[in-house]
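Overview (structure and organization)
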Amino acid sequence: MKNACFLILFLILTFLKATAQEPSWPSPCLNNGNSNQNNMTVTGNTTFTFPDLTSFGTSEALSGITVNVKSSARYKLYIAGVITSQIGSSTNTIIPINTFTVSATNRGTTSPATITLADTYLQIAQGASTNGRNHVLTITRNALNTFTQAPGGHVLTLHIRFCQY
């Protein structure tokens, strides 16, 4: 009975670890007005898999993510990233999330040109009322020449939020 309980607990913890939990939303994050006038559409891949250690030798730009924002008021666009390890026969060393940087087009005057990705939401763009503005995101993975890990891969999941203020 103890072995069965231990196995169930292990499987639950493994599932929770493998699931990319979304960080807490930025604050304040208001959603005002008609929902047809206030929305965000994301096109492109927001999940990246790094299968083994050879994935980290050189830097790589991952682009093609477009965020189209429609807003009846001023808004800010935020991004957060979560790294999860793919559970294999061995334990993985988690990739440092700050290995990745993000830049955006149409970022606005107060948004930084590039941010270091974090597991909490950071502002990547801001704007005023719009019927549709595209923000093209480029994620750059910096080289980790000295990174060592146990066998297995990792998944980077991006979470993007649009907030009015």
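A brief report on the enclosed structure follows. (Residues numbered from 1 in each chain as written. Predicted model: local features only at pLDDT ≥ 70, side-chain atom pairs only at ≥ 80, totals over all residues. Heavy atoms only, no water.)

**Details of the sheet that holds strand 5 (residues 100-104)**
Basically, it comes down to this: A pair of strands is considered paired only if DSSP assigns at least 2 bridges between the two. Strands here are runs of E lasting at least two residues and helices are runs of H or I lasting at least four, both read from the DSSP assignment and numbered beginning at the N terminus. A fitted line through C-alpha atoms represents every axis, and for helices the fit uses only the stretch in contact; the resulting angles, taken between N-to-C directions, go from 0 to 180 degrees.
Pairing in this open sheet of five strands is antiparallel, and the strands run 1-3-8-5-6 from one edge to the other. Each edge of the open sheet carries a strand with a single partner, namely strand 1 (39-43) and strand 6 (114-116). Each adjacent strand pair in this sheet contributes to an overall mean axis angle of 25°, direction not counted. Here strand 1 runs beside strand 3 (residues 60-71); their pairing, made up of five bridges, is antiparallel. Note that in strand 3 the partner of M40 across the bridge is V69.

**Quick look at the nonpolar core**
The test is simple: We call a set of buried residues a nonpolar core when its members are Ala, Val, Leu, Ile, Met, Phe, Trp, Tyr or Cys and they connect through side-chain atoms within 4.5 Å of each other. When a residue's accessible area, from a 1.4 Å probe over protein chains only, is under 20% of the maximum for its type it is buried; when over 50% it is exposed; and in between it is partly exposed. When checking whether two residues touch, look at their non-hydrogen atoms; a contact exists if any pair is within 4.5 Å.
In terms of nonpolar packing, the biggest core is built from 28 residues, with I79, I139 and L156 touching the most fellow members. Of all elements in the fold, only strand 2 (47-50), strand 3, strand 4 (75-85), strand 5, strand 7 (122-127), strand 8 (130-141) and strand 9 (154-164) reach the threshold of two or more residues within this core. Sequence-distant contacts of I79, defined by excluding residues within four places in its chain, comprise V102, I115, L117, T120, Y121, L122, I124, L137, I139, L158, H159 and I160.

**What to know about unusual backbone geometry**
Positive phi, normally seen in glycine, also occurs at N106, with a value near 50°. Structurally, N106 is set in the loop between strand 5 and strand 6. For N106, a relative accessible area of 46% puts it in the partly exposed group.

**Things to note about the pattern of salt bridges**
Put simply, the rule is: Any Lys or Arg side-chain nitrogen found within 4 Å of a carboxyl oxygen on Asp or Glu counts as a salt bridge.
Taken as a whole and judged by the stated rule, the model has two salt bridges. Between E22 and R161 there is a salt bridge whose closest N-O contact spans 2.7 Å. With E22 in the loop between helix 1 (2-18) and strand 1 and R161 in strand 9, this residue pair connects regions lying 139 residues apart in the sequence. A salt bridge links R141 to E60; the shortest N-O distance between them is 3.0 Å.

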